[in-house]
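Remarks on the overall topology
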Amino acid sequence: MALRNIRTMGDPCLTKICREVTSLTDRDRILIEDMLDTMYDASGVGLAAPQVGILKRIVVVDVSMDGDQPLVLINPEILSKDGEQTGYEGCLSVPGKSGLVTRPDHVVVKAYNENMQEIRVEGTELLARALCHEIEHLDGHLYVERVEGGLITNEELERIMNEES
Ligand code: NI
């Protein structure tokens, strides 16, 4: 297990367009393992390679957060999206903050898995949100560009969630 340093907003790696992966090297396989370890360690639901300083089109996602459903997506592309959801979103590269973002409620993604086999992933709700968020990282975009009404701290978010429940 190896943890990588997570780059935060302001780091130029987070604004770059990442390059496609044509074949998976041993270094890429280690990168993927490290990205999963780093995501779980930070209690995230997704992590994109540029967040650890590698400008390749690789993301990992696990909305279960406990290692049950790890998804490794190489060269992911959104094939279709529909519906709409508005909710609070955060990013490991923007620590301690959240913001309201509207996303599709259903997406179908085409990608390659860790064996470079083509796969389709369909997601609704949190998985749809996470897929859109992570794929945008590969084109140098952060969710903060889409936030409605500004960023709030996680303490403020907790207060809002308690009021709603
Ligand atoms: Ni993010």
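Just above, that's the structure.
Residues numbered from 1 in each chain as written. Predicted model: local features only at pLDDT ≥ 70, side-chain atom pairs only at ≥ 80, totals over all residues. Heavy atoms only, no water.

Focus on the overall build of the protein
Secondary structure assignment for the protein yields three helices and eight strands. Each helix and strand of the protein, ordered N terminal to C terminal, gives the series α-β-β-β-β-β-β-β-α-β-α. For the protein, the C-alpha radius of gyration of 15 Å lies close to 15 Å, the compact-globule estimate for 165 residues. In terms of overall dimensions, the protein has C-alpha extents of about 50 × 35 × 30 Å along its principal axes. Looking at the protein residue by residue over its 165 residues, the buried ones come to 44%. In the protein, 64% of the contacts between residues at least 6 apart in sequence involve partners at least 24 apart. Summed over all atoms, the accessible surface of the protein reaches about 8600 Å², with 47% contributed by carbon and sulfur. For the protein, the separation between the mean place of its 16 positive charges and that of its 30 negative charges on side chains is 9 Å. (Helix = DSSP H or I, 4+ residues; strand = E, 2+ residues; numbered from the N terminus. Rg over C-alpha atoms; globule rule 2.2 N^0.38 Å. Buried < 20%, exposed > 50% of the residue type's maximum accessible area, 1.4 Å probe, protein only. Contact = heavy atoms within 4.5 Å. Areas by Shrake-Rupley, 256 points an atom, 1.4 Å probe, with all protein chains shown as cover. Lys, Arg positive; Asp, Glu negative; His and termini not counted. Charge placed at Lys NZ, Arg CZ, Asp CG, Glu CD.)

As for the pattern of salt bridges
Side-chain pairing between opposite charges can occur once the charged atoms of the two side chains come close. What the rule picks out here adds up to nine salt bridges. Asp 28 is the salt-bridge partner of Lys 56, the closest N and O atoms lying 2.5 Å from each other. Separated by 28 residues along the polypeptide, Lys 56 in the loop between strand 1 (46-48) and strand 2 (58-61) and Asp 28 in helix 1 (residues 26-41) bring together distant segments of the chain. In this structure Lys 56 comes out as buried when scored by relative accessible area, which is 18%. For Asp 28, a relative accessible area of 2% gives the class buried. (Salt bridge = Lys/Arg side-chain N within 4 Å of Asp/Glu carboxyl O.)

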